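Given next are the chains, with one letter for each unit.
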Amino acid sequence: QMQLVESGGGSVQAGDSLVLSCAASGRAISGYAMGWFRQAPGKERELVARINQNNYTMYIDSVQGRFFITRDNTKNTASLQMYNLEPQDTAVYYCAARNKDYGPFDYWGQGTQVTVSS
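Residues numbered from 1 in each chain as written. Predicted model: local features only at pLDDT ≥ 70, side-chain atom pairs only at ≥ 80, totals over all residues. Heavy atoms only, no water.

Give me the packing of aromatic side chains: which residues, what numbers.
Within the structure shown, the criterion is met by 6 aromatic pairs. With 4.6 Å between their ring centres and 50 degrees between their planes, Phe-37 and Trp-108 make a pair best called tilted. In this pair, Phe-37 is assigned in strand E4 (residues 33–39) and Trp-108 in strand E10 (residues 107–108), connecting sequence segments 71 residues apart. By relative accessible area, Trp-108 is classed as partly exposed at 30%. The structure contains a cluster of three or more aromatic residues connected by ring pairs, namely Phe-37, Phe-105 and Trp-108. Sitting above the plane of the Phe-37 ring, Arg-45 keeps its charged end 5.5 Å from the centroid. (Phe/Tyr/Trp six-rings, centres within 6.5 Å; stacked < 30°, edge-to-face > 60°. Helix = DSSP H or I, 4+ residues; strand = E, 2+ residues; numbered from the N terminus. Buried < 20%, exposed > 50% of the residue type's maximum accessible area, 1.4 Å probe, protein only. Lys NZ or Arg CZ within 6 Å of the ring centre and 35° of its normal.)

What follows is the structure, encoded as structure tokens:
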């Protein structure tokens, strides 16, 4: 019932910044934990960042201090602020939502490509 649409991806050089946005519709995200995943060619999909309903955040070590996940319940959006991008960050990034603090994510966006060149 919830739909998620990512935007903001693009091609940048190492050291640049990007902000990804996730627009939700159908349901209010206020009752959901939001996450950003990414999948690079030949690699497994990995959870990059997560923010729960109480604004508690987590990040994988490789993006800690560079990526920041936020949510705006009034706008029904979630964002991923990415700074000092590295070529290793190149991947398709997906927005996802779940109504629990654990377990599978229930809703997924279509993905947006982020390409970082050196």
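Can you tell me about the pairing of strand E5 (residues 46–51), naming the residues and giving the values?
Judged from the 5 bridges that link them, E4 and E5 form a sheet pairing that is antiparallel. What sits directly across from Gly-35, in E5, is Arg-50. Bridge count between E5 and strand E6 (residues 57–59): 3 bridges; the pairing is antiparallel. Among the inter-strand pairings, Ile-51 is bridged to a residue of E6, identified as Thr-57. Where E5 folds back on E6, the antiparallel hairpin that results is connected by 5 residues, among which Asn-55 adopts a positive phi of roughly 70 degrees. (Pairing = 2+ DSSP bridges.)

Give me the lowdown on the pattern of salt bridges, citing residues and values where you can.
Here the structure, examined in full by the defined rule, presents 4 salt bridges. In this structure, the salt-bridge partner of Glu-46 is Arg-38, at a minimum N-O distance of 2.7 Å. Taking relative accessible area as the criterion, Glu-46 reaches 32% and is therefore assigned partly exposed. Owing to a relative accessible area of 6%, Arg-38 belongs among the buried residues under this scheme. Shared partners join several salt bridges into a network, and the residues in it are Arg-38, Glu-46, Arg-66, Glu-86 and Asp-89. (Salt bridge = Lys/Arg side-chain N within 4 Å of Asp/Glu carboxyl O.)

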